[in-house]
Amino acid sequence: MNEELDLLNPPSTDFSMLDYDCAYLPGNKVRMNYKYVSHASKKFATAVIARGWRRFGKYFFHPICNGCNECKSVRINAADYHYTKSQKKAIKRNADTRIIVQNPTLTQAHINLYNKYHHFKHRKDGWQHKNISHREYHENFVDGAHDFGKEVLYVKDDKLIGVDLIDVLDDGISSIYFYYDPDYANLSLGTYSLLYQVKLAKILELPWIYLGYWVDGCKAFAYKPRFQPQEILDGFPHVSEEPVWETWEKPDLS
């Protein structure tokens, strides 16, 4: 019992950042609660992700914004997943796309693709953009992966065209971050990568895909309800409390 409690409460440095502008809701301010864990176990990561936390590198975090509770956690029911016609077409378009699942790595191809994608999003959607360094990339996407963090590489024409960072947990797959080559936008790689997560979860007999947050009215999250069925969680319960996930009906996307 004590060993289990230790796994759920590893040594950590806990802190919060000063408020900054919210990227999801213009005019709002964000405050994040962080837990820096040098040696996180899969059991700990599973417990906190199921309770609304997210992970980048060795940092686990969730929002604690003053006067705002718009960030709701959502997860896909992989076992009962319903494919739409457009999603089936995305799978067919990627018949020749090669997939590699491995521990997270850092190459110049990763850096070039990451920066190319973010430059494209800066021009297209007004994202803030600064080229990422090797140190920053390693800290965010390679460090802290331990035995559960993986990368899914998408390769076409002998070229890296997409990278999906995920955590393979005890009860599901947690989506961390995905970026792709905009020159291959016709392949719908964002959709295809999530569908591959569903396929991988089925192979591993894992019930859930943790998608991160849903914020009503946020354009960046508009794609999430297209992957059904889903459940939604309000709040961030402590690891000693059971999270109460509820069936989430698909909102009106018209």
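Before reading on, note that the structure itself is shown above.
Read on for a plain summary of the structure. Being a predicted model, the structure only gives us computed values, none of them experimental. (Residues numbered from 1 in each chain as written. Predicted model: local features only at pLDDT ≥ 70, side-chain atom pairs only at ≥ 80, totals over all residues. Heavy atoms only, no water.)

### Observations concerning helix α4 (residues 108-125)
Right, on to step 1. Over its 18 residues, α4 extends 25 Å from the first C-alpha to the last, a length consistent with the 26 Å expected when each residue adds 1.5 Å.
Right, on to step 2. Among all positions in α4, only H110, I111, L113, Y114, N115, Y117, H118, F120 and K121 are buried.
Right, on to step 3. The inward-facing, buried residues of α4 contact α5 (134-142), β9 (149-156), β10 (159-168) and β11 (172-180).
Right, on to step 4. Just downstream of α4, G126 is the residue with a positive phi angle, here 75°. (Helix = DSSP H or I, 4+ residues; strand = E, 2+ residues; numbered from the N terminus. Expected span 1.5 Å × (residues − 1). Buried < 20%, exposed > 50% of the residue type's maximum accessible area, 1.4 Å probe, protein only. Contact = heavy atoms within 4.5 Å.)

### Observations concerning the packing of helix α3 (residues 85-93) against helix α6 (residues 189-203)
A packed helix pair is summarised by two numbers, namely the angle formed by the two axes and the spacing between the axes.
Right, on to step 1. Between α3 and α6, whose axes approach to 9 Å, the crossing angle comes to 95°. It follows that α3 is roughly perpendicular to α6 by the angle criterion. For the pair formed by α3 and α6, the contact residues are Q87, A90 and I91 on the first element and T191, Y192 and L195 on the second.
Right, on to step 2. Classifying every residue of the contact of α3 with α6 by side-chain character gives four nonpolar, two polar and no charged. (Axes fitted to C-alpha atoms, helices over the stretch in contact; angles between N-to-C directions. Parallel < 35°, antiparallel > 145°, perpendicular 65-115°, else oblique. Nonpolar A, V, L, I, M, F, W, Y, C, P; charged D, E, K, R; others polar.)

### As for the packing of aromatic side chains
Right, on to step 1. As enumerated under the stated definition, the model contains 26 aromatic pairs in all.
Right, on to step 2. Seen in terms of ring centroids, F56 and Y177 are 6.4 Å apart; in terms of plane orientation they differ by 65°. Their pairing is edge-to-face. Of the two residues, F56 is situated in strand β5 (residues 54-56) and Y177 in strand β11; the sequence distance between them amounts to 121 residues.
Right, on to step 3. On the basis of relative accessibility, which here comes to 25%, the residue F56 falls in the partly exposed class.
Right, on to step 4. Relative to Y179, the ring of Y137 lies with its centre 6.3 Å away and its plane at 90°, an arrangement referred to as edge-to-face. (Phe/Tyr/Trp six-rings, centres within 6.5 Å; stacked < 30°, edge-to-face > 60°.)

### As for the pattern of salt bridges
Right, on to step 1. Following the criterion strictly, the structure yields 13 salt bridges and no others.
Right, on to step 2. D19 is the partner of R31 in a salt bridge, and the nearest nitrogen-oxygen pair spans 2.7 Å. Of this pair, R31 sits in the loop between β3 (29-30) and β4 (32-36) while D19 sits in the loop between β1 (13-16) and β2 (20-21), placing them 12 residues apart in sequence.
Right, on to step 3. Since its relative accessible area comes to 36%, R31 is described here as partly exposed.
Right, on to step 4. Look at D19 and you get partly exposed, because its relative accessible area is 38%.
Right, on to step 5. Ionic pairing is found between K116 and D181, a salt bridge with its closest N-O pair at 3.0 Å. Taken together, the residues span a long stretch of sequence, with K116 in helix α4 and D181 in the loop between β11 and α6 at a distance of 65 residues.
Right, on to step 6. For K116, a relative accessible area of 32% corresponds to the partly exposed category.
Right, on to step 7. Using a relative accessible area of 1% as the deciding quantity, one classes D181 as buried. (Salt bridge = Lys/Arg side-chain N within 4 Å of Asp/Glu carboxyl O.)

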